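# Architecture and fold: a report
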Amino acid sequence: MRKELILVVDDDRDIANVLRAYLEKEGYPTLTAFDGETALRLWRENRPSLVVLDVRVPGLGGYAFCREVRKYSDVPIIMLSASAEEEDRVLGLELGADDYLAKPFSPRELVARIRAILRRCGEEAGPEAVLSAGPLLVDGKARGVLVFGKEVALTPREFDILALLASQPEKVFTREEILAAVGEEACAGHGRIVDSHIKNLRRKLRNAAEGWNFIDTVHGVGYRFRAIKTEAAS
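Worth saying up front: this structure is predicted, and the values here are computed from it rather than measured. (Residues numbered from 1 in each chain as written. Predicted model: local features only at pLDDT ≥ 70, side-chain atom pairs only at ≥ 80, totals over all residues. Heavy atoms only, no water.)

### Overview of the pairing of strand S12 (residues 222–229)
- Sheet analysis places strand S10 (residues 173–174) next to S12, joined by two bridges and oriented antiparallel. Bridge pairing in S12 links Thr 174 to Gly 222.
- Two strands pair when backbone bridges link them, and strand S11 (residues 212–218) and S12 are joined in this way by six bridges, in the antiparallel orientation. Bridge pairing links Asn 213 to Ile 228 in S12.
- The turn linking S11 back onto S12 is made up of three residues, and Gly 220 within it adopts a positive phi angle of 85°. (Pairing = 2+ DSSP bridges. Helix = DSSP H or I, 4+ residues; strand = E, 2+ residues; numbered from the N terminus.)

### What to know about the sheet that holds strand S4 (residues 77–81)
- Spatial strand order, S2-S1-S3-S4-S5: five strands in an open sheet with parallel pairing. What marks the edges here is a single partner per strand, and that holds for strand S2 (30–33) and strand S5 (99–102). For this sheet the average axis-to-axis angle between neighbouring strands, irrespective of direction, equals 15°.
- Note that strand S1 (residues 6–9) and strand S3 (residues 50–54) share four bridges and pair parallel. When the bridges of S3 are listed, Leu 7 appears paired with Val 51.
- Packing against the sheet, helix H1 (residues 13–25) makes contact with S1, S2, S3 and S4, and its axis sits at approximately 175° to S2. (Axes fitted to C-alpha atoms, helices over the stretch in contact; angles between N-to-C directions. Contact = heavy atoms within 4.5 Å.)

### Looking at the side chain of Glu 158
- Its place among the elements puts Glu 158 in helix H6 (residues 156–167).
- The contacts of Glu 158, once residues within four sequence positions are left out, are His 197, Asn 200, Leu 201 and Lys 204.

### Structural notes on the packing of aromatic side chains
- Across all of its chains, the model carries two aromatic pairs by this definition.
- An angle of 10° between the planes, with centres 6.1 Å apart, marks the rings of Trp 212 and Phe 214 as stacked. Neither Trp 212 nor Phe 214 differs from the other in exposure class; each is buried.
- Among the aromatic side chains, those forming a connected cluster through ring pairs are Trp 212, Phe 214 and Phe 225.
- Of note, Lys 171 hangs over the ring of Phe 173, and the distance from its end group to the ring centre comes to 5.0 Å. (Phe/Tyr/Trp six-rings, centres within 6.5 Å; stacked < 30°, edge-to-face > 60°. Buried < 20%, exposed > 50% of the residue type's maximum accessible area, 1.4 Å probe, protein only. Lys NZ or Arg CZ within 6 Å of the ring centre and 35° of its normal.)

### Digging into the sheet that holds S10
- The strand order across the open sheet built from three strands is S10-S12-S11, with neighbouring strands paired in antiparallel fashion. Both outer strands of the open sheet, S10 and S11, are each paired with one neighbouring strand and no more.

In structure tokens:
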């Protein structure tokens, strides 16, 4: 079985080489790219298990790279940025990134985050649970989502959130509970981070099941799962 391949994309060659050394020491074969076009070519040719992506890489920038990859794949993406601004973090997550780390950071922390994301990708979302509601089916063992029998591509973080909500329909989860359940610590702007993931989930599910609503907002509290057929679906 192939060990998970990591693609590191950063125009700072010192940072890229340090990360490659840390990852290979942990047993992860690693590719490096120093611009967006090369990164996209390497991704297409090698289909890595996870991408570490600096936002400000030259040429095809990090946001554009993320947007392009998300057209075809739900590969986990961890974004890096010299900016700790909340707007940058939220934008990255809205484009489909799974995690965001501000520079400077500890390579050991990044490796730990990579390990945690890859572990979650290989784990079941529940005790081999298959959750069904209306046209939606969430398969915890396969970590797959089907709507009307067709697969819906979700990022690992999006899947974790949907599986959590669907595991207890009608239960209202706070944003803090959602973050804790998917392995992310609460931080400044954490509410908007969760909102960004929910926004992406709703868009993907709505595109797959027009006229159905699966996630309700409970204002001032959080979110809950309910499969509701709207009039437009009649």
